[in-house]
Amino acid sequence: MFLQFIQSSSNSIKGSLCDLADIIDNRGKTPPLITYSEYPILDVKTLADNSRLINYNNVQKYVDETTYLTWFRSGHPQKYDSLISTVGSVGSIKMFLKEKGTIAQNVVALRPKIGSGLYLFEVLRSLQQQLKSYDIGSVQPSIKVTQFMKLVIEIPPERDIIEFESRILPLTNKIEFLYNETEILNKLRELLLPKLLSGEIFINN
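With respect to the layout of surface pockets
Reported here for the largest pocket is a volume of approximately 540 Å³. What lines the largest pocket is a set of 19 residues, among which Y36, Y56, K98, E183 and K187 lie closest to the centre. Considering only residue class, the lining of the largest pocket consists of 7 nonpolar, 4 polar and 8 charged. If you add up the space inside the second largest pocket, you get close to 170 Å³.

Here it is, written out as structure tokens:
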């Protein structure tokens, strides 16, 4: 749908990624961490697989509410922002759909200047191989944010972007629903399977 949209959209202009998105960048000093809270830090490990959504099963770092509210200079991701890893598995891109969560080392978020962020996410996915090619790391892969924000892209008229997003929003919502449903089923399995194997519960014919 995205490729068809790009080909069919009229009056598109050439621009750079920075014309389409602002950066949320909290990289720098590592915040104080705690064992667990409702405020996860979304690092490179949570962006590492090939799915569109963040893998919260890989979250290992959390901050308390005070740190969440005061530490992070650029703020936090908002729904439909795109998260990009800049070190390690460079160029991994995920969509942020939760209400709470933050970024720190090696991850930046891009927030759309036009639309809700669904179009921006598809643009970034289409640029993924170019992002990976910007690797400048010697010890480990890394990319410069200032460099990839200069990537030349097609920017359709705002009305076209909004129309495209209205078409793919139901698909995005369905992906989110199925992801959450899968997480619930996984937790049920982890709870019930040991009880089944130990004989604490059983399944009748």
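Some points on the side chain of S9
Relative to the helices and strands, S9 resides in the loop between α1 (2-8) and β1 (13-16). At 2.9 Å, the side chain of S9 and the side chain of D160 are in polar contact.

Re the pattern of salt bridges
Going through the model one piece at a time under the given rule, you end up with 10 salt bridges. Between R52 and E122 there is a salt bridge, and its shortest N-O distance comes to 2.7 Å. One end of the pair, R52, is in the loop between β2 (21-24) and α3 (65-70); the other, E122, is in helix α4 (residues 118-126), and 70 residues separate them in sequence. We classify R52 as partly exposed; its relative accessible area is 30%. Among the salt bridges present, the one from E176 reaches K79, with a minimum N-O distance of 3.7 Å.

Reading the values: rules and limits
- Within every chain, residues take consecutive numbers counted from 1 along the sequence as written.
- Side-chain atom pairs in this predicted model are given and counted only at pLDDT of 80 or more, local residue features only at pLDDT of at least 70, and totals for whole chains, interfaces and linings cover all residues.
- Working from all heavy atoms in the structure, the side-chain values ignore hydrogens and water.
- In the cavity and pocket records, a cavity denotes points on a 1 Å grid over the protein atoms alone where a 1.4 Å probe fits but cannot get out, a pocket denotes an open set with protein on both sides within 12 Å along at least 5 of 7 lines, and lining residues are residues with an atom within 4 Å of a point.
- Grid points are joined across faces, edges and corners, and a volume is the space filled by probe spheres set on the points.
- Classification used: nonpolar for Ala, Val, Leu, Ile, Met, Phe, Trp, Tyr, Cys and Pro, charged for Asp, Glu, Lys and Arg, polar for all others including Gly.
- Starting at the N terminus, helices and strands are each numbered in turn, a helix being any DSSP run of H or I of at least four residues and a strand any DSSP run of E of at least two.
- As used in this structure description, the phrase polar contact means that two N or O atoms lie within 3.5 Å; if the pair is within protein, one of them must be able to donate a hydrogen and the other to accept it, and residues adjacent in sequence are counted only when both atoms belong to side chains.
- Take a side-chain nitrogen of Lys or Arg and a carboxyl oxygen of Asp or Glu: if they are within 4 Å of each other, that pair is a salt bridge.
- Each residue is assigned to one of three classes by its accessible area relative to the maximum for its type, calculated with a 1.4 Å probe on protein chains only: buried under 20%, partly exposed between the two thresholds, exposed over 50%.

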